[in-house]
Amino acid sequence: MSERAPAPGGLALVESLVNTLDVETGADSLGTPGGRARFGLTEDEVPAAVELRESLRAVLLAHAGHPPHRTVTPLGELLARGPLLVTVDDADGSAALAPARPKSLTARIAAAVAEALVAGTWTRLKACEAADCLWAYYDRSPAGRGRWCSMRVCGARAKMRRYRAKGA
């Protein structure tokens, strides 16, 4: 949907997971073997991944100043299931947070969120305000006030609706 560049660092994983569902058509790539393989998921792990995806979407809507799209499990509860470890490089002493279970999608998402918090980029990952879209995107606007994943599609539709409403 979006013509934007992918989110930086680990946020690309978060963005990619949220964007596995096309809200407008209902197509969910987690329902396909290829879609699951991108995240290292088995078919049995899909319900937990969907729960995580929708909790992330609700938080990304909050980043954009919008209410949740539906009732979801709080993201903090889900991320608590993905423990992290502090790793320290012996050569240079640099430290990082890493998933305690590297194959766990929840742990990888928790590490990505932690990395983004440290980098100050977490709140720049948002969900499009268009109710028929809700696509995740990284807001690179100078003021951080982006509203749509695509100005050409969702932004243009919203502006056209507003224009038509004025004429009615």
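Undergrad: Outline the pairing of strand β1 (residues 84-88), supporting the account with residue identities and numerical values.
TA: Across five bridges, the pairing between β1 and strand β2 (residues 95-99) is antiparallel. From the neighbouring strand, valine 86 faces β2, where its bridge partner is leucine 97. The antiparallel hairpin formed by β1 and β2 contains six residues in its connecting segment, where glycine 93 sits at a positive phi of about 80°.

Undergrad: Outline a nonpolar patch on the surface, listing residues and values.
TA: Taken together, the side chains of Val86, Val88 and Leu97 make up a nonpolar region of the molecular surface, amounting to roughly 280 Å² of accessible area. Tracing the sequence through the fold places valine 86 in strand β1.

Undergrad: Run through the environment of aspartate 22, naming residues and quoting values.
TA: By secondary structure assignment, the location of aspartate 22 is in the loop between α1 (11-18) and α2 (33-37). Using a relative accessible area of 27% as the deciding quantity, one classes aspartate 22 as partly exposed. For the pair aspartate 22 and leucine 134, spaced 112 residues apart in sequence, the C-alpha separation works out to 8.4 Å. Here the side chain of aspartate 22 touches threonine 25 through a polar contact of 3.2 Å, landing on its backbone nitrogen.

Undergrad: Mind laying out the side chain of threonine 20, listing which residues take part and the relevant values?
TA: Here threonine 20 lies in the loop between α1 and α2. Threonine 20 gets classed as buried once you look at its relative accessible area, which sits at 3%. Of note is the side chain of threonine 20, whose polar atom sits 2.7 Å from the backbone oxygen of leucine 17. Setting aside its immediate chain neighbours within four residues, threonine 20 contacts Ala27, Asp28, Ser29, Leu30, Arg38, Phe39 and Arg53.

Undergrad: So what's going on with helix α5 (residues 105-119)? Residues and values would help.
TA: Compared with an ideal rise of 1.5 Å per residue, which puts 15 residues at 21 Å, α5 spans 21 Å between its outermost C-alpha atoms and is within 8% of the ideal. All buried positions along α5 are accounted for by Leu105, Thr106, Ala107, Ile109, Ala110, Ala111, Ala112, Val113, Ala114 and Ala116. Residues of α5 that are buried sit in contact with α1, α3 (46-63), α4 (75-79), β1 and β2. One or two steps after α5, the chain reaches glycine 120, where phi turns positive at roughly 80°.

Undergrad: An account of the layout of surface pockets is needed here, citing residue identities and associated values.
TA: There is about 230 Å³ of room inside the largest pocket. As for the largest pocket, its lining consists of 14 residues, of which Ala48, Ala49, Ser104, Leu105 and Thr106 are closest to the centre. Across the lining of the largest pocket, the residue classes tally to six nonpolar, three polar and five charged. Estimates place the volume of the second largest pocket at around 150 Å³.

Undergrad: So what's going on with the pattern of salt bridges? Residues and values would help.
TA: What the rule picks out here adds up to five salt bridges. Arginine 53 is the salt-bridge partner of aspartate 28, the closest N and O atoms lying 2.9 Å from each other. Here aspartate 28, found in the loop between α1 and α2, pairs with arginine 53, found in helix α3; they are 25 residues apart in sequence, far enough to count as distant. With its nearest N and O atoms 2.8 Å apart, the salt bridge here joins aspartate 139 to lysine 126. A residue pair is termed long-range when its members are at least 10 positions apart, and aspartate 139 in the loop between β4 (136-138) and α6 (151-167) and lysine 126 in strand β3 (residues 125-127) qualify at 13 residues. Accessibility assignment for this pair places aspartate 139 and lysine 126 in one class, buried. When salt bridges that share partners are traced, they join Asp28, Arg53, Glu54 and Arg57 into one network.

What counts and how
- Residues numbered from 1 in each chain as written.
- Predicted model: local features only at pLDDT ≥ 70, side-chain atom pairs only at ≥ 80, totals over all residues.
- Heavy atoms only, no water.
- Pairing = 2+ DSSP bridges.
- Helix = DSSP H or I, 4+ residues; strand = E, 2+ residues; numbered from the N terminus.
- Patch = residues over 30% accessible without salt bridge, like charges linked within 9 Å, V, L, I, M, F, W, Y side chains within 5 Å.
- Areas by Shrake-Rupley, 256 points an atom, 1.4 Å probe, with all protein chains shown as cover.
- Salt bridge = Lys/Arg side-chain N within 4 Å of Asp/Glu carboxyl O.
- Buried < 20%, exposed > 50% of the residue type's maximum accessible area, 1.4 Å probe, protein only.
- Polar contact = N/O pair within 3.5 Å; in protein donor to acceptor, adjacent residues only side chain to side chain.
- Contact = heavy atoms within 4.5 Å.
- Expected span 1.5 Å × (residues − 1).
- 1 Å grid on protein atoms, 1.4 Å probe; cavity = no way out; pocket = protein on both sides within 12 Å on 5 of 7 lines; lining within 4 Å.
- Points joined across faces, edges and corners; volume = space filled by probe spheres on them.
- Nonpolar A, V, L, I, M, F, W, Y, C, P; charged D, E, K, R; others polar.

As far as function goes, none of this settles anything; it's purely spatial.
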